[in-house]
Amino acid sequence: MTPIVPRIIHTDRLTLLPLSVEHAEEMAAVLSDPDLHTFIGGAPATSQALLTRYERLVAGSPDPTVSWCNWVIQLRDATCLTGTVQATVTASDKGRVAEIAWVVGTPWQGRGIATEAAHGLVAWLREQGVRTVIAHIHPDHKASAAVATTSGLTPTDHRHDGEVTWQLTVN
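Basis of the calculations
Residues numbered from 1 in each chain as written. Predicted model: local features only at pLDDT ≥ 70, side-chain atom pairs only at ≥ 80, totals over all residues. Heavy atoms only, no water. Salt bridge = Lys/Arg side-chain N within 4 Å of Asp/Glu carboxyl O. Helix = DSSP H or I, 4+ residues; strand = E, 2+ residues; numbered from the N terminus. Buried < 20%, exposed > 50% of the residue type's maximum accessible area, 1.4 Å probe, protein only. Pairing = 2+ DSSP bridges. Phe/Tyr/Trp six-rings, centres within 6.5 Å; stacked < 30°, edge-to-face > 60°.

### Topic: the pattern of salt bridges
As a working rule, side chains carrying opposite charge can pair if their charged atoms are close by.
Then, in step 1: All told, the structure shown has one salt bridge when counted by the stated rule.
Then, in step 2: The closest approach of N and O atoms between Glu-116 and Arg-13, which form a salt bridge, is 2.7 Å. Separated by 103 residues along the polypeptide, Glu-116 in helix H3 (residues 113–127) and Arg-13 in the loop between strand E1 (9–10) and strand E2 (14–18) bring together distant segments of the chain.
Then, in step 3: Assessed through its relative accessible area of 16%, Glu-116 is described here as buried.
Then, in step 4: Arg-13 sits in the partly exposed class, given a relative accessible area of 33%.

### Focus on the pairing of strand E7 (residues 154–160)
In the case of a regular strand, side chains alternate between the two sheet surfaces.
Then, in step 1: Examined bridge by bridge, E7 and strand E8 (residues 163–169) share four bridges and lie antiparallel to one another. Residue Arg-159 lies in a different strand from E8, and its bridge partner there is Val-164.

### Quick word on the sheet that holds E7
Then, in step 1: Pairing within the open sheet is mixed, and its eight strands lie in the order E1-E2-E3-E4-E5-E6-E8-E7. Strand pairing shows two members of the sheet lacking a second neighbour, E1 and E7, which therefore form its edges.
Then, in step 2: Two strands pair when backbone bridges link them, and strand E4 (residues 80–92) and strand E5 (residues 95–104) are joined in this way by 10 bridges, in the antiparallel orientation. Opposite Gln-86, over in E5, you have Ala-101 as the bridge partner.

### Looking at the packing of aromatic side chains
Then, in step 1: In total, this model carries one aromatic pair according to the counting rule given.
Then, in step 2: Here the aromatic rings of Trp-71 and Trp-124 are separated by 5.2 Å at their centres, their planes lie at 80°, and the arrangement is edge-to-face. Separated by 53 residues along the polypeptide, Trp-71 in strand E3 (residues 67–75) and Trp-124 in helix H3 bring together distant segments of the chain. By the burial criterion, Trp-71 is buried, and Trp-124 matches it.

### Some details on unusual backbone geometry
Most peptide bonds take the trans form, and the phi angle of most residues other than glycine is negative.
Then, in step 1: Positioned with a positive phi, Thr-79 is a non-glycine residue whose angle comes to about 45°.
Then, in step 2: If you trace the backbone, Thr-79 turns up in the loop between E3 and E4.
Then, in step 3: On the basis of relative accessible area, Thr-79 is assigned to the exposed category, the value being 60%.
Then, in step 4: One non-glycine residue, Asp-161, lies in positive phi territory at about 50°.
Then, in step 5: Relative to the elements of secondary structure, Asp-161 occurs in the loop between E7 and E8.

Here it is in structure tokens:
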């Protein structure tokens, strides 16, 4: 499988920028609200911890059959970062599969940013030949379920670490 390399993705209001270590400081502030971690787990990371994590992510997967695709979400009118979207792309006997996730900082929630970013990500992944898109969503996280639905994913009967697996399959 040829690796997928993140490219800039434009939507109506957003620019999804491929992740860079230079984003760590601003993203530490974006993701600093402890309540943001209610469903995703963990605690807010320091800018140094994010820098270390981003260095690892930008370096890419050590497995050549896996593509790590990570973006920060930039709200163009405000020229600020508001969150992240990501996709881990692997190969299966039925084609490429992408497991996706998104997170939008608390001050920017409720504005449709996650929906627009996830929709843009799914459309881009389909252009890259991804045939199956999967997201794992906490059963009580109604906002993420709405984002998944709008992006064309539907819930399955499968669970992954207690989260509902949502899926979109392109024929």
